[in-house]
Amino acid sequence: MKYKSSCLEKAFETIYSEKIIERGKTYYKNNLVKCCVVFKNKIYGKVVGGDLYNTVVDLEDYSGLCSCPYEYNCKHAYALIEAYLNKNYIDGDEIFNNLRKMSKEEILKILEDIIVKYNMWYEIIPKKGSLLEEGLSILKLIPYEEKNIYTFKSFLENRFLKNAKNEELLELLEEIGKSEYIEEDSERLYNIVDSLANEIFSRNNKNTIKKAFEISKKYKDKLWVIDDYYYDYYSDSEEDYYDYSKEFL
Ligand SMILES: [Zn+2]
């Protein structure tokens, strides 16, 4: 697991106050981190507080989501970071490697126990509404409670980006451009557009990229990140680059 100290320092400065860091460290030292698993660039954990909280920290920017009343970037999230920095974590891949060694029946039994215990039937049954509709609904909730932007971000990262069709990526991008819910200069908006752009460009579909570029021209103030991706993408092939950009001069 890579450890990005500069990014970490920045995360400390911007999202965790000194007080939170101090409390998080105390939580860690007092063994209140009950489980810490690193899996696909995220730290997952259970941290004891008023309750046993579910906490997830994104290793890209060290932002944390938590089931505690504080909800994000809290002392529980920091306590997990502290466990991670002290190399006190379990590798999630290892857990899956162990599962691979089990029989289908054993795995099914584990699955059944989890579904029944946590009432997760909804998660495994086929859904009617599309992913895009779900995303748009969360986007609309942002003006009511600003923290919904974090819900939106995890929805994007955990479900939408992996599963959305190209058209759906573009449609959500356009909705974000139109939306008046997110401030233009916010870092959160940047992160959201950046993760969408990253997905669009890494799919390497020229038609989708062209459309994304067109959309970004309509909503320059919000979607300027797409420009950066676009010019990087075509910096190797000048021909394509000029073909596409001419239309927007
Ligand atoms: Zn918390």
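Residues numbered from 1 in each chain as written. Predicted model: local features only at pLDDT ≥ 70, side-chain atom pairs only at ≥ 80, totals over all residues.

Colleague: Explain the overall build of the chain to me, please; I cannot follow it from the model alone.
Modeller: Looking only at helices and strands, the chain features 13 helices and 5 strands. Counting every position in the chain, which comprises 249 residues, the buried fraction comes to 25%. For the chain, long-range pairs separated by at least 24 residues make up 56% of all intrachain contacts whose partners lie at least 6 apart in sequence. (Helix = DSSP H or I, 4+ residues; strand = E, 2+ residues; numbered from the N terminus. Buried ≥ 20, exposed ≤ 12 C-beta atoms within 10 Å, placed from the backbone. Contact = placed C-beta atoms within 7 Å.)

Colleague: Hey, could you run me through the confidence of the model for the chain in this one?
Modeller: Parts of the prediction with low pLDDT should not have their coordinates interpreted in detail. For the chain, the average pLDDT comes to 87, and 89% of its residues sit at 70 or higher. Every residue in residues 245–249 scores below 50 in pLDDT, and together they form 1 contact with partners more than four places removed in sequence or on other chains. (pLDDT = per-residue confidence, 0-100.)

Colleague: Teacher, can you tell me more about the environment of Y62 here?
Modeller: For Y62, the location among the structural elements is in the loop between β3 (52–58) and β4 (64–66). Owing to 24 C-beta atoms within 10 Å, Y62 belongs among the buried residues under this scheme. Counting along the chain gives 20 residues from Y62 to K42, while the straight-line C-alpha distance between them is 8.8 Å.

Colleague: Teacher, can you tell me more about unusual backbone geometry here?
Modeller: It is generally the case that most residues other than glycine have a negative phi and that most peptide bonds are trans. Even without a glycine there, the phi angle at E71 is positive, about 75 degrees. Looking at where E71 falls in the secondary structure, it is placed in the loop between β4 and α3 (75–85). Its identity as a non-glycine residue notwithstanding, N73 has a phi of 50 degrees, on the positive side. In this fold, N73 is placed in the loop between β4 and α3. Judged by the 21 C-beta atoms lying within 10 Å of it, N73 falls in the buried class.

Colleague: Help me understand the environment of T208 in this model?
Modeller: Note on placement: T208 falls in helix α11 (residues 206–218). In this view, T208 contacts N166, L170, I200 and R203; residues no more than four positions away in its chain are not counted.

Colleague: Would you mind going over the sheet that holds strand β5 (residues 90–91) with me for this structure?
Modeller: The strands that make up a sheet are held in pairs by hydrogen bonds between backbone atoms, and each pair lies either parallel or antiparallel. Spatially, 5 strands are ordered β4-β3-β2-β1-β5 in an open sheet, and the strand pairing comes out mixed. For this open sheet the edge positions go to β4 and β5, each flanked by a neighbour on one side alone. As paired strands, strand β1 (residues 33–39) and β5 are joined by 2 bridges and run parallel to one another. Residue pairing across strands places V38 opposite D91, the latter belonging to β5. (Pairing = 2+ DSSP bridges.)

Colleague: Help me understand the nonpolar core, please; the structure alone is not making it clear to me.
Modeller: Side chains of a nonpolar character, in soluble globular proteins, are inclined to be buried together. L169, L173, I192, V193, L196, A212 and I226 are the most contacted members of the largest nonpolar core, which has 25 residues in total. Secondary structure elements with two or more residues in this core: α8 (148–163), α9 (166–178), α10 (187–202), α11 and α12 (220–233). Excluding its chain neighbours within four sequence positions, the residues that come into contact with L173 are L196, A212, I215 and L223. (Core = buried A, V, L, I, M, F, W, Y, C linked by C-beta atoms within 7 Å.)

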